[in-house]
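# Structural description and commentary
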Protein chains: 2
Amino acid sequence: MPRRVDHAERRGHLVVALLRVAARHGLHAVTMRSVAAEAGVSLRLVQYYFDTKAELLLAALRQLEQQSSQRWAARVAALPQDTDPRAVVEAFLAEALPTDGASRDFHLVWTSYAVLAMTDPDLAAQPFVDGPRRLETHLADILRRAQDQGRLPAGREPAAEATRLLALTHGLGTSLLVGHHSVDTARDAVTYHLDQLFTEVER
Amino acid sequence: MPRRVDHAERRGHLVVALLRVAARHGLHAVTMRSVAAEAGVSLRLVQYYFDTKAELLLAALRQLEQQSSQRWAARVAALPQDTDPRAVVEAFLAEALPTDGASRDFHLVWTSYAVLAMTDPDLAAQPFVDGPRRLETHLADILRRAQDQGRLPAGREPAAEATRLLALTHGLGTSLLVGHHSVDTARDAVTYHLDQLFTEVER
DNA sequence: GCGTATACGATACATTCGTATCACAACATC
DNA sequence: GATGTTGTGATACGAATGTATCGTATACGC
């Protein structure tokens with residue numbers, strides 16, 4: 001077999017091309033031909049590595065998923081063991097907000113997929129509920145530990161705070177993408193929220 | 001002229017058909033023909049009332065905008081003059097969350113448009129920044145008055161709180177649409193946030 | 001060295017899309 | 001009642017898209 005290039009590697013290459021097209025011109029501009037052109041290969045090649053367009057789209061979605069959890073895990077692992085809980089949460093928010101170009105592209109495509117999944121039942125909606133749920137429980141754990149250490153006011157409900165954090169950053173993220181917020185105003189909103197969240201309260 | 005039906009009325013009829021199609025099968029399923037079929041008219045008619053597809057899409061977007069501000073204004077006008085500030089904010093959130101079917105459809109289509117506007121420069125992105133900004137300042141005004149009345153703790157920053165409220169409900173809304181949240185969990189999150197927002201704080 | 005599975009090019013096909021064209025009916029104005 | 005504007009149907013056209021088909025070159029097992 002003329003396995004001149006690795007099969008999985010070539011598929012990854014095509015997926016990257018898809019994501020580039022989607023980030024630049026939208027998910028609706030993703031066609032077999034546009035992906036082929038972006039990757040610099042023939043239409044037949046895209047067909048060869050992905051029998052159908054649906055399969056290609058799904059592969060790209062799966063790669064987005066794994067890329068997201070990988071990046072988040074790397075961010076957390078890079079922090080010292082005894083980092084201040086607020087700093088950990090801040091690291092999460094920095095990752096979850098589409099600030100730089102790459103992050104912006106990622107979130108744009110992810111949101112495009114989410115909107116598509118709202119009406120297309122064949123596209124699995126599972127990633128869009130499982131992923132956030134994992135993040136939510138993870139965040140809740142962090143907050144719970146912070147509370148045990150006395151670094152988060154007792155009045156706060158860790159699970160509810162995690163939900164709030166996630167919804168807030170998600171909302172800020174899309175507001176940033178459509179141009180309602182700038183990177184600075186979004187960051188300010190996050191800082192304000194964390195101030196309100198972590199400052200001690202006495203009734 | 002055989003003005004058997006009002007021009008504007010017919011256009012409105014077609015726009016409604018578009019929104020129904022978009023809510024059911026997604027904005028990508030909106031074609032001249034699908035809109036015609038949904039409205040029960042011929043393709044030629046859609047062409048006649050909207051020279052181009054872009055014009056049809058824009059008209060639908062404008063109707064969404066106006067429908068949104070109208071509904072919000074009606075909600076506020078329905079409240080007694082001296083309603084508790086928290087109740088006013090709650091009325092806003094009830095309107096902004098896609099709880100019932102109609103509201104769900106509205107938010108789904110709106111989000112679809114927003115995602116489209118992220119990559120398509122010809123589609124005006126202005127509605128997606130102007131609309132939220134108006135709501136934000138309006139909310140900030142309400143909160144500021146509440147603070148003057150002593151019904152909102154002094155530690156809160158009205159403008160920042162308005163931003164937070166908007167981003168939170170927006171994030172909860174899309175989470176609801178993709179199935180991450182249920183109506184109940186979203187409502188709980190809102191209630192929790194309002195509790196944290198309005199309860200007195202003494203340092 | 002020969003068959004065979006893998007990898008890829010070129011091209012064709014049916015469908016769908018936005019848009020254009022041709023025809024005609026209804027009504028208003030003079 | 002001729003005429004022109006407005007409203008509506010039927011159909012056509014070119015472009016784009018997903019997918020299928022035919023052909024061929026490369027490399028490996030034997």
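This structure is a prediction, so every number in the text was calculated from the model and none was measured.

## A look at the overall build of chain A
- Check the secondary structure of chain A and you find nine helices and zero strands.
- For chain A, the N- to C-terminal ordering of α and β elements is α-α-α-α-α-α-α-α-α.
- With respect to the principal axes defined by its C-alpha atoms, chain A has extents near 70 × 40 × 30 Å.
- Each of the 203 residues in chain A was classed as buried or not, and the buried ones make up 48%.
- Contacts in chain A between residues at least 24 apart in sequence constitute 64% of all its contacts with a sequence separation of at least 6.
- The centroid of the 23 positive side-chain charges in chain A is displaced by 8 Å from the centroid of its 25 negative side-chain charges.

## Brief notes about the nonpolar core
- In this structure, Leu18, Val30 and Tyr113 of chain A together with Leu18, Val30, Tyr113 and Phe128 of chain B are the most contacted members of the largest nonpolar core, which totals 75 residues.
- A total of 10 residues in this core trace back to one element, the largest contributor, which is helix H6 (residues 101-119) of chain B.

## Structural notes on the domain arrangement of chain A
Residue and element names in this part refer to chain A.
- Domain parsing of chain A yields domain 1 (1-60) and domain 2 (83-198).
- Between domain 1 and domain 2, the C-alpha centre-to-centre distance is 30 Å.
- The interface is formed by seven residues belonging to domain 1 together with six residues belonging to domain 2.
- The largest per-residue losses of area from domain 1 upon contact with domain 2 belong to Ala23, Leu27 and Leu57, which jointly make up 66% of the total buried on that side.
- At the boundary of domain 1 and domain 2, one finds zero salt bridges.
- Counting across the interface, domain 1 meets domain 2 through one residue pair in polar contact (both at pLDDT 80 or more).
- Taken together, the elements giving at least two residues each to the side of domain 1 that touches domain 2 come down to helix H1 (7-25) and helix H4 (53-78).
- Examining the composition of the side of domain 1 that touches domain 2, we find that four residues originate from one element, H1, more than from any other.
- Grouping the constituent residues of the side of domain 1 that touches domain 2 by class yields seven nonpolar, no polar and no charged.

## Digging into the environment of Ala186 of chain A
All names here are of chain A.
- The topology assignment puts Ala186 in helix H9 (residues 183-198).
- Take Ala186: its relative accessible area is 0%, and that puts it in the buried class.
- Expressed as a C-alpha distance, the spacing of Ala186 and Thr199, which sit 13 residues apart in the sequence, is 20 Å.
- Contacts of Ala186, omitting those with residues within four sequence positions, involve Leu97, Leu172, Leu176 and His181.

Calculation rules
Residues numbered from 1 in each chain as written. Chains lettered and ligands numbered in written order. Predicted model: local features only at pLDDT ≥ 70, side-chain atom pairs only at ≥ 80, totals over all residues. Heavy atoms only, no water. Helix = DSSP H or I, 4+ residues; strand = E, 2+ residues; numbered from the N terminus. Buried < 20%, exposed > 50% of the residue type's maximum accessible area, 1.4 Å probe, protein only. Contact = heavy atoms within 4.5 Å. Lys, Arg positive; Asp, Glu negative; His and termini not counted. Charge placed at Lys NZ, Arg CZ, Asp CG, Glu CD. Core = buried A, V, L, I, M, F, W, Y, C linked by side-chain atoms within 4.5 Å. Domains from an automatic or database assignment. Buried area = accessible area lost by both parts, 1.4 Å probe. Salt bridge = Lys/Arg side-chain N within 4 Å of Asp/Glu carboxyl O. Polar contact = N/O pair within 3.5 Å; in protein donor to acceptor, adjacent residues only side chain to side chain. Nonpolar A, V, L, I, M, F, W, Y, C, P; charged D, E, K, R; others polar.

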